[in-house]
Amino acid sequence: MDIIALHRSEERGTFFPEASARPIFFDATIKAWVVASARQCEAILLSPHLSVSPYRLVYEDMARRNPHFAFPNLLFAFKYIPMCVNGDEHRSARRRIAEFVAGRKSIASAAAQDIVDRWVGKLAGSAQIELMEEVLQPMVKEFLAALIGTEATGLIHGASAVFDRMMGARKRRKLDDELGAIRVRIRHTIGPNGSEEEEGIRLALFVLGNDALAGGFGESLYQVFRANPERLLSEIDYPAVPNETAIPFVERMVTEPFECEGVAFRKGDRIRIMLQSFLYTGDAADRVRVFGAGIHTCLGRQLSLEFWSVFTRRLSQITARVEILDYALRDEDYVFTYPSKLLIALKP
C-alpha cells in the first residue's frame, strides 16, 4: 500500500475496513509509524506522550541555513495555528481562536443561509456545472470572510499547504508570498491600530478553514452523488456529518517513550494517525471523530457541521438528478483529500 497516496486512492475503501485488525506498522517512505485502525487512532490521539510536528522549527532551521529561505509569513502563521505549537503556546493559541470564533459565530451563522442560497442557486436551470470552482470554493471563501470579517478570500489558493512537509523550496516561497498577500488584506481590514494577535488569528482561520471545508464538502458530495445515481436531490438522505474528510491524517511526535499495541515508541518517532479510518467503521457516530480528540479537537467543528446542515438542506430543495461527468482529486496534494474537479449534469 502506497501510504503517501492512500488518502486519494480508491483503495482506501478496502484498506480501512481491513485495518480494524491491522497492527501499527512503520512505513519507510514517510519515515513514520502508521496507525490505521479507528480504535487505535482514537487512543493515540489522546496519548499524553505526543506533541504536534515541529513545523515552525523546520522553517526556522531552513532560514538559518539559507538566507534566501526566510519565510517570514509562514513563521508568523505558525505562531497562531494551534496544531503547530505545543504546551503553553498551544493552550494560548486555542484560547485566542476559541474566543474569536465564539464572538463571531452568530454573525457567520446569520450569513450562512444567504451565502448558501446564492451559490447553490447556481444549480437552478444549469445543464452542467463544475461544483468545485463554480460553487463550493467561492461559497466556502465567502463563509470564511463572514466569520473572520476580512475580505481576503480571493487571495487564497494554497494557504492550507502549510502542513505539507513534502513540498519543495519553490512551492514554499510561493506559499509564503500568498500568506503575505493575505496578511496585507487583513491588516487593511483591522487598521493600523489592530494588534498582531488580531492579524494572526484571522490568518490562522483562513489557513485552517479553506481547504478543510471546500475539500470535505466536495468529496462528501461526490460520494453521496455516486451512491444515489437515480434519485432526485430532494430525495437523498444526506448525512448529518460529512461522510468524507479533507484532512485524512494528522502527525504527532513522540515526546517520551511509551508502548501501544505491542509497539515500543521511542522519543523523536513520528506517528501518522489516519483520521480517514473513522469513516469506514460502519458506525455513523464515528464520523465526528475526524474532527480530532482531546486537546487538538477542531475548534470549528460545531460551525462546520452547522454550515454543512444549511448546505445539504438547500440541496434537498432541488428536484433534479445528478450525473457525474468528470471527477478528479488533486494529484499533487500530499495533505488534503480535495477534488480538483467535480463536473455534473443536472437532469429532471
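The structure this text deals with has already been given above.
Calculation criteria
Residues numbered from 1 in each chain as written. Predicted model: local features only at pLDDT ≥ 70, side-chain atom pairs only at ≥ 80, totals over all residues. Heavy atoms only, no water. Helix = DSSP H or I, 4+ residues; strand = E, 2+ residues; numbered from the N terminus. Rg over C-alpha atoms; globule rule 2.2 N^0.38 Å. Buried < 20%, exposed > 50% of the residue type's maximum accessible area, 1.4 Å probe, protein only. Contact = heavy atoms within 4.5 Å. Areas by Shrake-Rupley, 256 points an atom, 1.4 Å probe, with all protein chains shown as cover. Lys, Arg positive; Asp, Glu negative; His and termini not counted. Charge placed at Lys NZ, Arg CZ, Asp CG, Glu CD. Phe/Tyr/Trp six-rings, centres within 6.5 Å; stacked < 30°, edge-to-face > 60°. Lys NZ or Arg CZ within 6 Å of the ring centre and 35° of its normal. Core = buried A, V, L, I, M, F, W, Y, C linked by side-chain atoms within 4.5 Å. Axes fitted to C-alpha atoms, helices over the stretch in contact; angles between N-to-C directions. Parallel < 35°, antiparallel > 145°, perpendicular 65-115°, else oblique. Left-handed = near helix turned anticlockwise from the far one by under 90°. Nonpolar A, V, L, I, M, F, W, Y, C, P; charged D, E, K, R; others polar. Pairing = 2+ DSSP bridges. 1 Å grid on protein atoms, 1.4 Å probe; cavity = no way out; pocket = protein on both sides within 12 Å on 5 of 7 lines; lining within 4 Å. Points joined across faces, edges and corners; volume = space filled by probe spheres on them. Salt bridge = Lys/Arg side-chain N within 4 Å of Asp/Glu carboxyl O.

J.: I tried to follow the overall build of the protein chain on my own but got confused; where do I start?
T.: Regarding its fold elements, the protein chain presents 9 helices and 10 strands. A compact globule built from 348 residues would reach a C-alpha radius of gyration of about 20 Å, and the protein chain, at 20 Å, matches this within 12%. Projected onto its principal axes, the C-alpha positions of the protein chain cover 60 × 55 × 35 Å. Within the span of the protein chain, comprising 348 residues, buried residues form 55% of the whole. Looking at the protein chain alone, contacts between residues at least 24 apart form 70% of all its contacts between residues at least 6 apart. Surface exposure of the protein chain reaches about 15,500 Å², of which carbon and sulfur atoms provide 52%. Each charge sign in the protein chain was given a centre, from 44 positive and 45 negative side chains, and these centres are 3 Å apart.

J.: What is the right way to look at the packing of aromatic side chains in this model?
T.: This model, assessed by the stated rule, comprises 12 aromatic pairs. Between Phe26 and Trp33, the ring centres sit 5.4 Å apart and the planes meet at 75 degrees, which makes this aromatic pair edge-to-face. Ring plane angle 50 degrees and centroid distance 6.1 Å describe the contact between Trp308 and Phe311, whose orientation is recorded as tilted. Remark: Phe311 and Trp308 occur in helix α9 (residues 301-315); sequence separation between them is 3 residues, near one turn of the helix. On the basis of relative accessibility, which here comes to 0%, the residue Trp308 falls in the buried class. In textbook terms, an aromatic cluster arises when at least three aromatic residues are bridged by ring pairs, as seen for Phe143, Phe217, Phe307, Trp308 and Phe311. The ring of Tyr334 carries the charged tip of Arg8 above its face, separated from the ring centre by 5.3 Å. Against the face of Phe76 rests Arg183, its NZ or CZ located 3.7 Å from the ring centre.

J.: I keep staring at the nonpolar core and nothing clicks. Help me out?
T.: One recurring pattern in soluble globular proteins: nonpolar side chains tend to sit buried together. The biggest cluster of nonpolar side chains holds 77 residues, and the ones touching the most others in it are Leu131, Met139, Val162, Phe163 and Phe311. The element best represented in this core is helix α8 (residues 196-227), accounting for 13 residues. In contact with Met139, other than residues within four places in its own chain, are Ile115, Val116, Trp119, Val120, Phe217, Phe307 and Phe311.

J.: Would you mind showing me how to read the packing of α8 against α9 here?
T.: For any two helices packed against each other, one specifies the inter-axial angle together with the distance between the axes. Two numbers describe how α8 lies on α9: the axes approach to 12 Å, and their chain directions differ by 40 degrees. Taken together, α8 and α9 sit at an angle that is classed as oblique. As for how α8 packs across α9, the hand of that crossing is right-handed. Facing α8, whose interface residues are Leu213, Phe217, Ser220 and Leu221, α9 presents Ser304, Phe307, Trp308, Phe311 and Leu315. Within the contact of α8 with α9, the residues separate by chemical class into 7 nonpolar, 2 polar and no charged.

J.: Looking at this structure, I do not really get the sheet that holds strand β8 (residues 270-274). What am I missing?
T.: Hydrogen bonds between backbone atoms are what pair the strands of a sheet, whose relative direction is either parallel or antiparallel. Here 5 strands make up an open sheet; going across it, the order is β1-β2-β8-β5-β3 and the pairing mixed. Looking at strand neighbours, the two that pair on one side only are β1 (25-27) and β3 (50-52), the edges of this open sheet. Within the sheet, the average angular offset between the axes of one strand and its neighbour, ignoring direction, is 40 degrees. Relative to strand β5 (residues 249-254), β3 is paired through 3 bridges, and the arrangement is antiparallel. Bridge pairing links Leu50 to Val254 in β5. The strands touched by helix α2 (residues 38-45) within the sheet are β2 (32-35), β3, β5 and β8, with β8 carrying the most contacts at an inclination of about 130 degrees.

J.: It is not clear to me how the environment of Leu232 should be interpreted in this structure. Could you clarify?
T.: Note that Leu232 resides in the loop between α8 and β5. Judged by its relative accessible area of 15%, Leu232 falls in the buried class. Distance in space between the C-alpha atoms of Leu232 and Phe278 is 28 Å, their sequence separation being 46 residues. What Leu232 contacts, discounting residues up to four positions off in sequence, is Thr319, Ala320 and Arg321.

J.: Got a minute to help me understand the layout of surface pockets in this structure?
T.: It is a probe the size of a water molecule, rolled over the atoms, that shows where empty space is left. Put simply, the second largest pocket is a space of about 150 Å³. Taken together, Pro48, Leu50, Ser51, Asn86, Gly87, His90, Arg91, Thr255, Ile295 and His296 make up the lining of the second largest pocket. When residues of the lining of the second largest pocket are traced back to their parent elements, those giving at least two are β3 and α5 (87-120). When residues of the lining of the second largest pocket are assigned to their parent elements, the largest contribution, 3 residues, is made by α5.

J.: Before we go on, may I ask you to explain the pattern of salt bridges in this structure?
T.: A complete count under the given rule lists 25 salt bridges for this structure. For Arg226, the salt bridge is made with Glu10, and the minimal N-O distance between the two is 3.6 Å. Placement of the pair is Arg226 in helix α8 and Glu10 in the segment before α1 (12-18), with a sequence separation of 216 residues. Residue Glu10 is classed as exposed on the basis of its relative accessible area, which comes to 53%. The salt bridge involving Glu42 is made with Arg289; its shortest N-O contact spans 3.1 Å. One end of the pair, Glu42, is in helix α2; the other, Arg289, is in the loop between β8 and α9, with 247 residues separating them in the sequence. The exposure class assigned to Glu42 is partly exposed, which follows from its relative accessible area of 23%. With relative accessibility at 27%, the residue Arg289 sits in the partly exposed group. Through salt bridges with shared partners, one network takes in Arg39, Glu42, Asp286 and Arg289.

That is the geometry; function is a separate question.
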